[in-house]
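Fold and contact review
Next come the chains, spelled out residue by residue.
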Amino acid sequence: MTKNRSQKQKKARQVNAAETAHRGGRKGGDETVRIFGIHAVASAVANPRRELIRLHATTNAQGRLVEEIHKLKGDPSRLDGLVETANPKDIDTMARDAVHQGALLVARNLPALDISDIYDCKLVVVLDQITDPHNVGAIIRSSVALGAEAIIMTGRHSPEESGILAKTASGGLDMISMVSVPNLARALDDLADNSFDVIGFDSEESEPFEKVIAAQDMDRHLALVFGSEGKGIRRLTREKCTALTRLDMPGPIKSLNVSNAVAMTLYACQLKRDGVIG
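The notes below deal with the structure included here. Not measured: the values here are computed from a predicted model. (Residues numbered from 1 in each chain as written. Predicted model: local features only at pLDDT ≥ 70, side-chain atom pairs only at ≥ 80, totals over all residues. Heavy atoms only, no water.)

Scanning the protein chain from N- to C-terminus turns up 10 helices and 11 strands. Per-residue burial over the protein chain gives 46% buried out of 278 residues. Intrachain contacts of the protein chain at a sequence separation of at least 6 include 83% that bridge at least 24 residues. On the protein chain, roughly 14000 Å² of surface is accessible, and the fraction owed to carbon and sulfur atoms is 48%. (Helix = DSSP H or I, 4+ residues; strand = E, 2+ residues; numbered from the N terminus. Buried < 20%, exposed > 50% of the residue type's maximum accessible area, 1.4 Å probe, protein only. Contact = heavy atoms within 4.5 Å. Areas by Shrake-Rupley, 256 points an atom, 1.4 Å probe, with all protein chains shown as cover.)

Dropping the structure here:
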């Protein structure tokens with residue numbers, strides 16, 4: 001074993017030990033997350049609901065982070081006493097060679113939210129067993145950019161909070177309400193009971209989305225339900241929707257990646273709010 005490799009492994013063990021010690025000696029990775037990338041780390045620091053443990057960052061990255069945290073109207077002093085200057089190779093090891101831009105934050109997972117916490121939201125995205133963290137991260141990013149206020153996912157068959165999810169979301173993970181529910185059908189009933197129109201995207205027996213959104217009253221609460229690619233939304237989920245719709249593609253490829261479909265749909269919602277559609 002080379003000296004450099006030995007030093008990397010020692011560094012990784014030290015980080016793991018520090019995380020375990022902060023958790024009171026409990027093992028397992030379900031309570032902490034390693035967030036990497038300037039935007040993701042800055043957003044986590046700017047989020048007062050996020051408990052911070054330790055920041056490993058290069059000198060250059062520390063300066064960039066302070067600037068980005070200020071842009072987000074966050075408080076960089078939350079990092080006082082938590083910063084450890086590191087070189088890029090050490091962070092490579094901690095981030096498992098993911099693109100980290102010189103910054104890796106060890107933090108606690110976000111506190112859990114209940115579905116009742118989002119009843120006041122006007123626009124919610126619901127994901128029915130979408131498991132790929134890159135897809136979900138991209139959906140989070142689009143949702144924040146295009147005005148959605150919350151995302152609901154199933155407790156099972158959905159990605160755990162992770163560095164990859166946060167990095168793909170480009171900071172969005174800490175800017176939107178994330179709700180995990182044990183029973184999606186019951187959650188959709190709860191939304192309907194609290195004045196939400198629940199629109200599911202399904203290719204079978206449904207109307208084109210441009211027709212549905214043109215008729216939609218955007219003053220009402222709206223939940224958009226998307227299923228996994230291939231399977232789509234499940235039967236019971238479909239039955240709980242107040243309306244079903246589909247995205248018709250004019251080109252020879254008739255379907256989109258689910259993250260692209262969510263972005264396109266949310267953009268259409270924004271056009272409707274702005275009076276461009278309908």
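Ranked by internal contacts, the top residues of the largest apolar core, which has 49 residues, are Leu-105, Val-125, Leu-127, Ile-140, Ile-151, Leu-224 and Phe-226. Looking at which element gives the most residues to this core, the answer is helix 2 (residues 38-46), with 6 residues. Those residues in contact with Leu-224 that lie beyond four places of it in its chain are Leu-123, Val-124, Val-125, Val-126, Ile-199, Phe-201, Thr-265, Leu-266 and Cys-269. Counting 20 residues, the second-largest nonpolar core is a separate cluster that includes Ile-118, Val-179, Leu-188 and Ala-223. (Core = buried A, V, L, I, M, F, W, Y, C linked by side-chain atoms within 4.5 Å.)

Now for the sheet that holds strand 1 (residues 32-36). Ordered by their spatial adjacency, 4 strands build an open sheet running 1-4-2-3, and the pairing between neighbours is mixed. Strands at the two margins of the open sheet, each flanked by one partner only, are strand 1 and strand 3 (83-85). Taken pair by pair, the neighbouring strands of this sheet meet at an average axis angle of 15°, ignoring direction. Sheet topology places strand 1 next to strand 4 (residues 103-108); 5 bridges connect them, and they run antiparallel. The partner of Thr-32 across the bridge, within strand 4, is Arg-108. Along the sheet, helix 3 (residues 59-71) contacts strand 2 (52-57), strand 3 and strand 4; its crossing angle with strand 2, the most-contacted strand, is approximately 125°. (Pairing = 2+ DSSP bridges. Axes fitted to C-alpha atoms, helices over the stretch in contact; angles between N-to-C directions.)

Once that is clear, we can look at the sheet that holds strand 6 (residues 150-154). Strand order in the open sheet made by the 7 strands is 7-6-5-10-8-11-9, with parallel pairing throughout. The open sheet terminates on both sides in strands that have one partner only, identified here as strand 7 (177-181) and strand 9 (207-208). Here strand 6 runs beside strand 7; their pairing, made up of 5 bridges, is parallel. Bridge assignment links Met-153 to a residue of strand 7, and that residue is Ser-180.

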